[in-house]
Amino acid sequence: MGNQTYLKAICSVFQSRFKRFKKVEKMDSLKNKEFYLDLVRCCYIYVKEHLLEYNEELFLKYFTKKEQWEYREEIAQIKADKTKFLS
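Q: It is not clear to me how the packing of aromatic side chains should be interpreted in this structure. Could you clarify?
A: The geometry of an aromatic ring pair comes down to the distance between the two centres and the angle between the two planes. All chains considered together, the criterion is met by 3 aromatic pairs. Measuring from ring centre to ring centre gives 6.0 Å for Phe63 and Tyr71, while their planes differ by 50°; the resulting arrangement is tilted. Each member of the pair, Phe63 as well as Tyr71, is classed as buried. A connected cluster of aromatic rings, assembled from ring pairs, spans Phe59, Phe63 and Tyr71. The ring of Tyr71 is capped by Lys48, whose NZ or CZ atom sits 3.9 Å from the centre of that ring.

Put into structure tokens, the structure is as follows:
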């Protein structure tokens, strides 16, 4: 498996793992559900931003400009509206 395929697979797994956090069993039994969802959302944003910003040249070796734009757009939407997170 090439580097690009490997990275795309990791990003796919990353995305699906965060979706699982949102579907936690017994979510209603959490004492502070809003705090939990905000924490997961902040972690998601942190990881995505650092994937983009750590080394742009390296990022563009494995992702396209369009994907870079889509990531930035997704992050901006999630920051602006909490309900957009993993919807």
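Q: Looking at this model, I keep getting lost on the side chain of Gln68. Mind explaining?
A: If you trace the backbone, Gln68 turns up in helix H4 (residues 65-80). Not counting residues within four places of it along the chain, the set of residues in contact with Gln68 comprises Leu52, Glu56, Phe59 and Leu60.

What counts and how
- Residues numbered from 1 in each chain as written.
- Predicted model: local features only at pLDDT ≥ 70, side-chain atom pairs only at ≥ 80, totals over all residues.
- Heavy atoms only, no water.
- Phe/Tyr/Trp six-rings, centres within 6.5 Å; stacked < 30°, edge-to-face > 60°.
- Buried < 20%, exposed > 50% of the residue type's maximum accessible area, 1.4 Å probe, protein only.
- Lys NZ or Arg CZ within 6 Å of the ring centre and 35° of its normal.
- Helix = DSSP H or I, 4+ residues; strand = E, 2+ residues; numbered from the N terminus.
- Contact = heavy atoms within 4.5 Å.

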